[in-house]
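Structural features, examined
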Amino acid sequence: PRNPLYQNAPGFEIPADVTNAVAAGAHPITAWREHRGLTREILAGWIGFDEDDMTHFEENDAVPTVEILQMIANALDVPIQTLIPQAEPDAPVDE
């Protein structure tokens, strides 16, 4: 069965350009931000951060907290689970 974390909210569809961008390696935050036609600076400003913070999140140099992810999800008008990168199926798990 599919992990429920990655299931969409009822009635919510992920646009093909977002799905394709993530499949090509883009961070989900980047894919959604670009889909909405926003710059990093604008999105960061909406949530009270700066462009450098968004760069770190989008390039996996920093992991946003759940609270920050929720602020980004609210700004992008998407369910929070759509912003969480999925692990590779064969990726090793640190124990």
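Residues numbered from 1 in each chain as written. Predicted model: local features only at pLDDT ≥ 70, side-chain atom pairs only at ≥ 80, totals over all residues. Heavy atoms only, no water.

**Structural notes on the overall build of the protein chain**
The helix and strand inventory of the protein chain stands at five helices and zero strands. Listing the helices and strands of the protein chain from first to last along the sequence gives α-α-α-α-α. Across the 95 residues that make up the protein chain, the buried fraction comes to 31%. Contacts in the protein chain between residues far apart in sequence, at least 24 positions, make up 53% of those at least 6 positions apart. Carbon and sulfur atoms make up 52% of the accessible area of the protein chain, which totals about 6300 Å². (Helix = DSSP H or I, 4+ residues; strand = E, 2+ residues; numbered from the N terminus. Buried < 20%, exposed > 50% of the residue type's maximum accessible area, 1.4 Å probe, protein only. Contact = heavy atoms within 4.5 Å. Areas by Shrake-Rupley, 256 points an atom, 1.4 Å probe, with all protein chains shown as cover.)

**Regarding the environment of Ile84**
In this fold, Ile84 is placed in the segment after helix H5 (66–76). The sequence separation of Ile84 and Ile29 amounts to 55 residues, and the corresponding C-alpha distance is 8.1 Å.

**A look at the nonpolar core**
Ile29, Trp32, Met54, Ile72, Leu76, Val78 and Leu83 are the most contacted members of the largest nonpolar core, which has 18 residues in total. Considering each element in turn, this core owes the most residues, five residues, to H5. Apart from residues no more than four positions distant in its own chain, Leu76 is found in contact with Ile29, Trp32, Arg33, Arg36, Leu38, Leu43 and Leu83. (Core = buried A, V, L, I, M, F, W, Y, C linked by side-chain atoms within 4.5 Å.)

**Remarks on the packing of helix H2 (residues 28–35) against helix H4 (residues 51–58)**
Direction vectors running N to C along H2 and H4 enclose 125°, while the axes themselves pass 8 Å from each other. The angle between H2 and H4 falls in the class oblique. Here Ile29, Thr30 and Arg33 of H2 lie close against H4, whose contacting residues are Met54, Phe57 and Glu58. The class makeup of the residues in the contact of H2 with H4 is three nonpolar, one polar and two charged. (Axes fitted to C-alpha atoms, helices over the stretch in contact; angles between N-to-C directions. Parallel < 35°, antiparallel > 145°, perpendicular 65-115°, else oblique. Nonpolar A, V, L, I, M, F, W, Y, C, P; charged D, E, K, R; others polar.)

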